[in-house]
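# Geometric and topological summary
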Amino acid sequence: MAGHSQFKNIMYRKGKEDAKRGKIFNKLAREIMVSCKQGVPDPAINSRLRTAITEARKSNMPRDRIERAIKAAQPGAADGANYEEVRYEAYGPGGCALIIEALTDNRNRTASELRTALSKNGGTLGETGSVAFMFNRIGEILYPAGVASADAVLEVVLEVGGENVESGSERHEITTSVDDFGPVRNALEKKFGEPESAKLVWKPNILTPITGEAAQQLVKLLNVLDDDDDVQNVTGNFDIPAEEMERLAS
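Residues numbered from 1 in each chain as written. Predicted model: local features only at pLDDT ≥ 70, side-chain atom pairs only at ≥ 80, totals over all residues. Heavy atoms only, no water.

From N to C terminus, the protein chain includes eight helices and 10 strands. A compact globule built from 250 residues should have a C-alpha radius of gyration of about 18 Å, and the protein chain, at 20 Å, falls within 12% of that. Along the first, second and third principal axes, the C-alpha set of the protein chain runs to 60 × 45 × 45 Å. Across the 250 residues of the protein chain, 40% fall into the buried class. Taking the contacts inside the protein chain whose residues are at least 6 apart along the sequence as the reference set, 72% of them involve residues at least 24 apart. Summed over its atoms, the accessible surface of the protein chain is roughly 14,100 Å², and 50% of this surface lies on carbon and sulfur atoms. (Helix = DSSP H or I, 4+ residues; strand = E, 2+ residues; numbered from the N terminus. Rg over C-alpha atoms; globule rule 2.2 N^0.38 Å. Buried < 20%, exposed > 50% of the residue type's maximum accessible area, 1.4 Å probe, protein only. Contact = heavy atoms within 4.5 Å. Areas by Shrake-Rupley, 256 points an atom, 1.4 Å probe, with all protein chains shown as cover.)

Shown next, in the form of structure tokens:
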């Protein structure tokens, strides 16, 4: 009986992992489809599509699933849903600011689901512009530390107008303005190959410390948002101490 119970537990865990992987693939497929529709279905020309495909490969998304998403974005495709980008601004537990980016085929449904998720977990949905001023929109490019020396990376970035390079024992983190993101990425790829990650992100310019019950509630909220099929990214200005995060993770 013990062996049977263990087998059931293994199958249950695998089922949860498969379900989670399926949600991730669905989100990645949406990003690929929207990227294609906003440009051309060629990653060599369409930098956003190239980024989406890179993220998909990092998540071990099957090649045929990637190709299906690209085909679904073509005019007249039978299985091509019409997704649009929507940005929501919200306040989370402890007064922290949240930017929630979604790809949806139904704005009303998504807004209703987010409003419910926030209200049940100590947050509120705000108006457009209510928290965006607490963030800067920037380009972020990541390379493993072993790809080159800090000086070599900095030299390339300075030549093409990047804003900053922070090099550590694990990686090089390059930041750019939105306008310079494409040229800097292209120059780095030509010199060092494909990056670990390259995308536009929201970077908070002010942090809100969150501890105790508010931190616990915030982590729960983030898990709920991550589980929503329409939500692509959630960025916050919360600052939870490392020891608190370890406690909450356990």
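Empty space among the atoms can be located by rolling a probe the size of a water molecule over them. As a volume, the largest pocket reaches approximately 1,200 Å³. Top contributing element to the lining of the largest pocket by residue count: strand E7 (residues 197-204), with seven residues. Along the lines of polarity and charge, the residues of the lining of the largest pocket split into 17 nonpolar, seven polar and 13 charged. (1 Å grid on protein atoms, 1.4 Å probe; cavity = no way out; pocket = protein on both sides within 12 Å on 5 of 7 lines; lining within 4 Å. Points joined across faces, edges and corners; volume = space filled by probe spheres on them. Nonpolar A, V, L, I, M, F, W, Y, C, P; charged D, E, K, R; others polar.)

A few words on the packing of aromatic side chains. Applying the stated criterion across every chain, the model contains one aromatic pair. Measuring from ring centre to ring centre gives 6.1 Å for Tyr-143 and Phe-192, while their planes differ by 70 degrees; the resulting arrangement is edge-to-face. With Tyr-143 in strand E4 (residues 135-144) and Phe-192 in helix H6 (residues 181-192), this residue pair connects regions lying 49 residues apart in the sequence. With a relative accessible area of 16%, Phe-192 lands in the buried category. (Phe/Tyr/Trp six-rings, centres within 6.5 Å; stacked < 30°, edge-to-face > 60°.)

Next up on the list: the environment of Glu-213. If you trace the backbone, Glu-213 turns up in helix H7 (residues 212-226). Classification of Glu-213 by relative accessible area gives exposed; the value is 66%.

Before going further, it helps to spend a moment on the sheet that holds strand E9 (residues 231-236). Sheet strands pair by backbone hydrogen bonding; their relative direction is either parallel or antiparallel. Reading across the sheet, the four strands line up as E3-E1-E2-E9 and stay open at both edges, with antiparallel pairing between neighbours. Strand pairing shows two members of the sheet lacking a second neighbour, strand E3 (124-125) and E9, which therefore form its edges. (Pairing = 2+ DSSP bridges.)

Contact geometry for helix H5 (residues 150-160) and H6: axes closest at 9 Å, N-to-C directions at 140 degrees. Viewed along their axes, H5 and H6 adopt a mutual orientation that is oblique. In the crossing of H5 with H6, the sense of the turn from one axis to the other is right-handed. Two secondary-structure elements touch here, H5 through Ala-152, Val-153, Val-156, Val-157 and Val-160 and H6 through Pro-183, Val-184, Ala-187, Leu-188, Lys-191 and Phe-192. (Axes fitted to C-alpha atoms, helices over the stretch in contact; angles between N-to-C directions. Parallel < 35°, antiparallel > 145°, perpendicular 65-115°, else oblique. Left-handed = near helix turned anticlockwise from the far one by under 90°.)

Moving on, we get to the pattern of salt bridges. When their charged atoms lie close together, side chains carrying opposite charge are able to pair. Inspection of the entire model under this criterion finds 17 salt bridges. Arg-50 is the salt-bridge partner of Glu-189, the closest N and O atoms lying 3.5 Å from each other. Here Arg-50 lies in helix H2 (residues 47-58) and Glu-189 lies in helix H6, a separation of 139 residues in the sequence. For the pair Glu-189 and Arg-50, a shared accessibility class is recorded, and that class is buried. Arg-107 is paired through a salt bridge with Glu-84; the nearest N and O atoms lie 3.1 Å apart. (Salt bridge = Lys/Arg side-chain N within 4 Å of Asp/Glu carboxyl O.)

It is worth spelling out the side chain of His-172 at this point. Its location among the elements puts His-172 in strand E6 (residues 171-176). Leaving out residues up to four positions away in the same chain, His-172 has contacts with Ile-141, Leu-142, Tyr-143, Pro-144, Ala-145, Val-147, Ala-148, Ser-149, Ala-150, Val-153, Glu-166 and Ser-167.

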